[in-house]
Amino acid sequence: LSAISSTCRRFSLMGKQCVDFVLIMVCLLEMASTIPLQWEQVRPIGDGPAARYSHCTVTFTSSQGMVYLFGGFSGLSPMDCSSGCTFYNDVWLYDAPAQGWEEVAFASSEANCSTNTPSKESKSPTKRAEHAMASHGSGALMCGGFTSNSTSGGITLIQDQFGLIDCWWLFPIPNAAWYPSGIKTFQSSGPSPRYSHSLVFEPSFQKYLLFGGRDATFSMLNDCWQFDPTILSSDPAFQWLPCVNTGVIAPSPRFGHGAAVFRGALYILGGYASDGLSGAVAQNDMWTLADYAGNGSWEQVMPASASPQGRAYFGWWQTGFFLYVAGGEGTSETLQDTWSFNFFTKVWSPVSSKDATLQGSRFSVAMPDSRTAVSFGGKAAKGVAMGKLFAFAADNGWTLLLPAGDRPSRRSGHVAAYDGTSNRMIVALGMDARHSFLADIWALDLASNMWSCLAGESTTCARRPVPPPAGPGPFGFPASC
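Cut-offs applied
- Residues numbered from 1 in each chain as written.
- Predicted model: local features only at pLDDT ≥ 70, side-chain atom pairs only at ≥ 80, totals over all residues.
- Heavy atoms only, no water.
- Helix = DSSP H or I, 4+ residues; strand = E, 2+ residues; numbered from the N terminus.
- Buried < 20%, exposed > 50% of the residue type's maximum accessible area, 1.4 Å probe, protein only.
- Contact = heavy atoms within 4.5 Å.
- Areas by Shrake-Rupley, 256 points an atom, 1.4 Å probe, with all protein chains shown as cover.
- Phe/Tyr/Trp six-rings, centres within 6.5 Å; stacked < 30°, edge-to-face > 60°.
- Pairing = 2+ DSSP bridges.
- Axes fitted to C-alpha atoms, helices over the stretch in contact; angles between N-to-C directions.
- Core = buried A, V, L, I, M, F, W, Y, C linked by side-chain atoms within 4.5 Å.
- Disulfide = S-S within 2.5 Å.
- Salt bridge = Lys/Arg side-chain N within 4 Å of Asp/Glu carboxyl O.
- Polar contact = N/O pair within 3.5 Å; in protein donor to acceptor, adjacent residues only side chain to side chain.

Draft legend 1. Main features of the overall build of the protein chain. Along the backbone of the protein chain there are two helices and 35 strands. The burial tally for the protein chain puts 50% of its 481 residues in the buried class. Taking contacts inside the protein chain between residues at least 6 apart in sequence as the whole, the part at least 24 apart equals 56%. On the protein chain, roughly 21400 Å² of surface is accessible, and the fraction owed to carbon and sulfur atoms is 55%.

What follows is the structure in structure tokens.
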């Protein structure tokens, strides 16, 4: 397969590298896909984000192996905060290779080399939940959602200065920063404020695509919008445009659905839609819109196999020509199954599962690499927010990962040496991701793959750092602005 795959063309899909194989390889890969794909619970090292749901996670091509998390909510119901609830607007980074969390610090506009103290940027999005987020290249677009209404105890949809959906750009490197979207609107054209909608980046035509959700009156929506972020470099004023639908049918209005893109087409899956009376029913239908910028029309996808049961607020992710869905809310239960969909054969396949699998809804899934999906948080079957981290891998069964002790923070400008007498690597000093100088010393036992702190501020360290003049004190290579 490796020899044949060298002839395949590569393209970027939703911030992840995917390989689009030619049709002749479908049968071969179908045989390879019989390898069981499994979830496993990850026990990350160190502190992490608070338990929450209705948040977003994304990955970036400029930050391989990293998953970024934003926002969310904890409480029994965001519609009634009388019993207490919390909305978030913090950003966390999950380092998949190191299996560790760290909160992202944002450089203030006044930060410079003399202060060397990054802080929370004064311009940042409002705390929110049930927003949507999609990445492209080194940035991500976040739109919509709601926050608490201190007067009514309910929710308030977040809108921009034009009364339309509120959007922000997140750029995590080299210095993490939020920026208002700068989307200018003409003739009041653009998506209305909403939540529980979908937002994806379609790489063939370089467009962000937004679909559905619920508005301020709790009405379900089925409008589709597009815009091209590439014109940001030449003109900061650009416009949302409706997706083109020349047909007479379209997906029913819905919220809590999933979305994907494949070969230039938008796909919409599941979600809650009206039952024709006064309620909402979880759906299992799939729709596609090709040529959304030209002469497109909606078509319902007719699978060549049995489909998973209807669901909303499920986890979904995509790799190559496979779409995966996991968990979610059924009409009367919280689901625990995982399914894959082949865009070529239109076949749904259940993924083998065990009792220990992830059971929840309103969680977010991102892929730090082409074979692994990572999920954090979500709403448990009993309605409470979860703080668990799960990984879905192609070559592992249901295995609980145990942390290999504490670990040093990410750093640069440090020193490292190999201690041959004890088969250890020693790492010392340097500067962390927040431009703070470090004075700790760590040892990695290469036989057990476990870190131990020899000296530093952490409570796990063998001793406290030596104060000057007995020791060199914190140092690293000079920072530049």
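Draft legend 2. Examining the environment of Thr-460 more closely. For Thr-460, the position within the fold is in the segment after β35 (450-455). Setting aside its immediate chain neighbours within four residues, Thr-460 contacts Asp-406 and Cys-453.

Draft legend 3. Structural view of unusual backbone geometry. In this structure, Glu-130 takes a positive phi of about 55° despite not being glycine. Looking at the secondary structure, you find Glu-130 in the loop between β7 (100-103) and β8 (132-136). For Gln-206, which is not glycine, the phi torsion reads 55° and is therefore positive. Looking at where Gln-206 falls in the secondary structure, it is placed in the loop between β14 (198-202) and β15 (207-214).

Draft legend 4. Looking closely at the packing of aromatic side chains. As enumerated under the stated definition, the model contains 29 aromatic pairs in all. With centroids separated by 5.2 Å and ring planes inclined at 50°, the aromatic side chains of Tyr-94 and Trp-101 adopt a geometry described as tilted. An identical accessibility class is assigned to Tyr-94 and Trp-101; each is buried. Of the aromatic side chains, those joined through ring pairs into one cluster are Phe-262, Tyr-267, Trp-317, Phe-321, Phe-322, Tyr-324, Phe-341, Phe-343, Phe-344 and Trp-348.

Draft legend 5. Here's a closer look at the sheet that holds strand β26 (residues 347-351). Strand order in the open sheet formed by four strands is β23-β24-β25-β26, with antiparallel pairing between adjacent strands. The sheet terminates laterally at β23 (315-319) and β26, the two strands that pair on one side only. Neighbour-to-neighbour, the strand axes of this sheet turn through a mean angle of 20°, independent of strand direction. Bridge count between strand β24 (residues 322-326) and strand β25 (residues 338-342): five bridges; the pairing is antiparallel. Note on β25: the bridge partner recorded for Val-325 is Trp-339.

Draft legend 6. Expanded view of the nonpolar core. In this structure, Leu-266, Met-286, Trp-298, Trp-317 and Phe-343 are the most contacted members of the largest nonpolar core, which totals 44 residues. The contact partners of Met-286, leaving out residues within four places of it in the chain, are Tyr-267, Ile-268, Leu-269, Glu-299, Gln-300, Val-301, Leu-323, Phe-341 and Trp-348. Ranked by size, the runner-up nonpolar core spans 17 residues in total, among them Phe-60, Met-66, Val-91 and Trp-168.

Draft legend 7. Expanded view of the state of the cysteines. All told, the structure shown has three disulfides when counted by the stated rule. A sulfur-sulfur separation of 2.1 Å characterises the disulfide bridge that pairs Cys-143 with Cys-167. One quick way to see it: the torsion about the S-S bond of Cys-143 and Cys-167 is about 115°, and its sign makes the bridge right-handed. Of this pair, Cys-143 sits in strand β9 (residues 139-143) while Cys-167 sits in strand β12 (residues 167-171), placing them 24 residues apart in sequence. Neither Cys-143 nor Cys-167 differs from the other in exposure class; each is buried. A sulfur-sulfur separation of 2.0 Å characterises the disulfide bridge that pairs Cys-453 with Cys-461. Taking the torsion about the sulfur-sulfur bond, which here is approximately 75°, the covalent link between Cys-453 and Cys-461 counts as right-handed.

Draft legend 8. Quick peek at the pattern of salt bridges. All told, the structure shown has seven salt bridges when counted by the stated rule. One salt bridge connects Arg-362 with Glu-329, and the closest N-O pair in it is separated by 2.8 Å. Of this pair, Arg-362 sits in the loop between β26 and β27 (364-369) while Glu-329 sits in the loop between β24 and β25, placing them 33 residues apart in sequence. The class for Glu-329 is buried, based on a relative accessible area of 12%. One salt-bridge network, held together by shared partners, links Glu-130, Glu-329 and Arg-362.

Draft legend 9. Inspection of the side chain of Ser-198 at higher detail. With respect to the helices and strands, the residue Ser-198 is situated in strand β14. Engagement of the side chain of Ser-198 in a polar contact is seen with the side chain of His-257, the distance being 3.0 Å. Residues contacting Ser-198, with those up to four places away along its chain left out, are Ala-132, Leu-209, Leu-210, Phe-211, His-257, Ala-259 and Ile-268.

Draft legend 10. Quick peek at the environment of Thr-345. Within the secondary structure, Thr-345 is located in the loop between β25 and β26. Under the relative-accessibility criterion, Thr-345 is labelled partly exposed at 30%. As for Thr-345 and Ala-304, which are separated by 41 residues in sequence, their C-alpha atoms are 7.3 Å apart.

Draft legend 11. Spotlight on the sheet that holds strand β6 (residues 86-95). As summarised here, the arrangement of the four strands in space is β4-β5-β6-β7, forming an open sheet in which the pairing is antiparallel. Of all the strands in the sheet, the pair left with one neighbour each is β4 (56-60) and β7. With direction set aside, neighbouring strand axes in the sheet form an average angle of 25°.

Draft legend 12. Structural view of the pairing of β23. Most of β23 sits out of view: four of its five residues are buried. If you look at the hairpin formed by β23 and β24, you'll find two residues sitting between the two strands, and Gly-320 has a positive phi there, around 60°.

Draft legend 13. Broad picture of the side chain of Asp-90. Among the secondary structure elements, Asp-90 is positioned in strand β6. Relative accessible area serves as the criterion here: at 12%, Asp-90 is assigned to the buried category. Within the structure, the side chain of Asp-90 is placed 2.8 Å from the side chain of Trp-92, a separation counted as a polar contact.

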